[in-house]
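# Chains, contacts and geometry: an overview
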Amino acid sequence: MRRIGILALIFHLSICSFGQILEVSPISLGAAFSIPKAETIESVSKVSSGSSMVLTTQSDNIFLRPLSVETGFPIRLLSIRSNETKKVRKHILRGDSLFCMIKSVEKNNSAIFESVIYTVHNDQLAEAERHQVGFTKPLGRKNAQPIFFEASENGKVSVVARQFPFVKEKKANLFVEITHYPTSNTTSHTIPLPFESDDIEITGITISNNGLVFIGAKTGIKLNSPFLRKHLLYSFNQDSLELHEFDLSVDKLFIDRMAIKNMDNQIHVLALFSSDPFKQGQAAGFTFFKLNSQGAEVEEKFIHMFDSKTILDFNSEAKPGQGIEDLTIQAVLPNEENSWAIMDQRYLDQVCTTDPRTGIITCTDQYHFDGILLKSLPDSEKSHFIGRDQVDYNTAGDYMGQQTFVSDGKLIVLYNDHMKNTSIQADRIMNNPGRSILRYVYVNEENKLVSDVYQGLDDFVLLTKVPGYQINGKVVLLLSNGKDFKLGTIDTSRL
């Protein structure tokens, strides 16, 4: 067992303001409604009618619940259900459009894949576009490579990608299919990659509103050496058929984890690195770069090493050459005034007990969600630490973690805290939603942290694992008391 006990988290009070008394709560709640426990809640999002919609799944079935603008109560239940021959394998919701990857099994046991777009209009669900994905099928061979499926933020372009199967001493090739909606114009491409087919791994894919495809990849796999492994980003322009390669590697530093954010036709990449390839999981700092709207050039790039104070905040001790253990990139929030990187500390621990009579050892998993780091990308001096301390048992529950937003240039962090906490020092561990309360923290105009909790929510707390959204200066969230659900709307101008 790597750790025993709870990390001591230190926070300097001199940069914070606490306990603001709000005459009128900036959060309003809709009507309570229920969702069957067998369904997994994935998101709450906005639709063109101005209302919200909750998306849930159960097995290979998808359920959509449009909510009333006036009450926040579900108007009706819409569903897309799988059967014995057709199953929904992937899905992406973009506004009123639901993009699905459907796998069909034919009588000869061969499988075909279809890309289908469903639209929600006036609380009705309809199929808007369907076509078979034109995967190349090598004779007598199966392709075990994963399928990547993504849609642009505006819901007008989708992409399907899959690496060709391994061929000895042959270079890797990537199949890419791009579909424009609502024109249903579909084009497919075979993109040759400058690595042998067993020496590159596609790690992710995204597509911009203007149809540029971005491909994350890891190479140097065959050599199995952390010194020679590289993390790459490719951009593919289907109009010019140009493929640009960007090497994220940093001299004498080793990339560990990476996040890619696609916003306003620009790619923002944030990657953690370690100073020792054998100490993966100890972040010494991060690198950030931004591509231009054509995906052909790097507009901005820098490398930032964590200082001893930041390491001390997370680890409770700072030794020479030590990094931040178990740091995770939670979000990259681009903004015209000040872009932010949000990172937090997450790890799995165990508590074990031994029965003295039988000698049987029983272990319980502990999922920890600890301190939060807010890091300004253009200004390295703007850095804040929130000493949050959360733990859950057996599984990482829906109430763990945080959600972050930038509204009117203001960075806002929302998470569940222990109801007796008076500050963001994490005086007590948040390990039971029944003893929790929704807390907000934001960076004000003086670059100070301001924090308070929302009173009067009738035991409803934030379903952190269910992403909310922003609209007209407001943040819309899904809250629960463990039994029912309510839509919460926060007016960020009143914080």
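Residues numbered from 1 in each chain as written. Predicted model: local features only at pLDDT ≥ 70, side-chain atom pairs only at ≥ 80, totals over all residues. Heavy atoms only, no water.

Here we take up the packing of aromatic side chains. Inspection of the entire model under this criterion finds 9 aromatic pairs. Here the aromatic rings of Tyr-440 and Tyr-442 are separated by 6.1 Å at their centres, their planes lie at 15 degrees, and the arrangement is stacked. For the pair shown, Tyr-440 and Tyr-442 are each scored as buried. Aromatic pair Tyr-440 and Tyr-454: ring centres 5.2 Å apart, planes at 45 degrees, arrangement tilted. With Tyr-440 in strand E32 (residues 436–443) and Tyr-454 in the loop between strand E33 (449–453) and strand E34 (461–462), the pair connects residues that are 14 residues apart, well separated along the chain. According to the relative accessible area criterion, Tyr-440 is buried, its value standing at 0%. In this structure an aromatic cluster arises from ring pairing among Phe-286, Phe-288, Phe-302 and Phe-306. The ring of Phe-135 has Arg-162 lying over it, and the distance from NZ or CZ to the ring centre is 5.4 Å. (Phe/Tyr/Trp six-rings, centres within 6.5 Å; stacked < 30°, edge-to-face > 60°. Buried < 20%, exposed > 50% of the residue type's maximum accessible area, 1.4 Å probe, protein only. Helix = DSSP H or I, 4+ residues; strand = E, 2+ residues; numbered from the N terminus. Lys NZ or Arg CZ within 6 Å of the ring centre and 35° of its normal.)

Across the sheet, 4 strands lie side by side as E15-E16-E17-E18; this open sheet has antiparallel pairing. Two strands lie at the open edges of the sheet, namely strand E15 (200–207) and strand E18 (242–247), each paired on one side alone. Going across the sheet, the axis of each strand differs from the next one's by a mean of 20 degrees, ignoring polarity. Looking at chain direction, strand E17 (residues 230–237) and E18 are connected through 6 bridges and run antiparallel. The residue of E18 that forms the bridge with Ser-235 is His-244. (Pairing = 2+ DSSP bridges. Axes fitted to C-alpha atoms, helices over the stretch in contact; angles between N-to-C directions.)

Looking now at empty space enclosed by the protein. To locate leftover empty space, one rolls a probe as large as a water molecule over the atoms. Under the defined criterion, the tally for this structure stands at 1 cavity of 30 Å³ or more. Considering only enclosed or pocket space, the largest cavity measures out at about 40 Å³ in volume. Forming the boundary of the largest cavity are Phe-135, Thr-136, Asn-143, Arg-162, Gln-163, Phe-164 and Phe-175. Of the residues assigned to the lining of the largest cavity, the class counts are 3 nonpolar, 3 polar and 1 charged. (1 Å grid on protein atoms, 1.4 Å probe; cavity = no way out; pocket = protein on both sides within 12 Å on 5 of 7 lines; lining within 4 Å. Points joined across faces, edges and corners; volume = space filled by probe spheres on them. Nonpolar A, V, L, I, M, F, W, Y, C, P; charged D, E, K, R; others polar.)

A few words on the state of the cysteines. According to the stated counting rule, one finds 1 disulfide in the structure shown. In this model Cys-352 forms its disulfide with Cys-363; the gap between the sulfur atoms is 2.1 Å. The sign of the S-S torsion, about 105 degrees, decides the handedness of the disulfide formed by Cys-352 and Cys-363: right-handed. Placement of the pair is Cys-352 in strand E26 (residues 340–354) and Cys-363 in strand E27 (residues 361–376), with a sequence separation of 11 residues. You can call Cys-352 partly exposed: its relative accessible area is 36%. (Disulfide = S-S within 2.5 Å.)

The next subject is the nonpolar core. Ranked by internal contacts, the top residues of the largest apolar core, which has 21 residues, are Leu-174, Val-176, Leu-193 and Val-213. Listing elements by their share of this core, those giving two or more residues are strand E12 (157–163), strand E13 (171–180), strand E14 (185–196), E15, strand E16 (213–219) and E17. With near-sequence residues (within four places) excluded, Leu-193 lies in contact with Lys-171, Ala-172, Leu-174, Ile-200, Ile-202, Tyr-234 and Leu-243. If you look at the next biggest cluster of nonpolar residues, it comprises 18 residues, including Ala-259, Phe-286, Ile-329 and Met-343. (Core = buried A, V, L, I, M, F, W, Y, C linked by side-chain atoms within 4.5 Å. Contact = heavy atoms within 4.5 Å.)

Turning to the pattern of salt bridges, a few remarks are in order. Under the counting rule described, the total for this entry stands at 17 salt bridges. With a closest N to O distance of 4.0 Å, Asp-458 and Lys-486 form a salt bridge. On the criterion of sequence distance, the pair formed by Asp-458 in the loop between E33 and E34 and Lys-486 in strand E37 (residues 485–491) is long-range, its members being 28 residues apart. Using a relative accessible area of 52% as the deciding quantity, one classes Asp-458 as exposed. Residues participating in the shared-partner salt-bridge network are Lys-86, Glu-114, Glu-127 and Arg-130. (Salt bridge = Lys/Arg side-chain N within 4 Å of Asp/Glu carboxyl O.)

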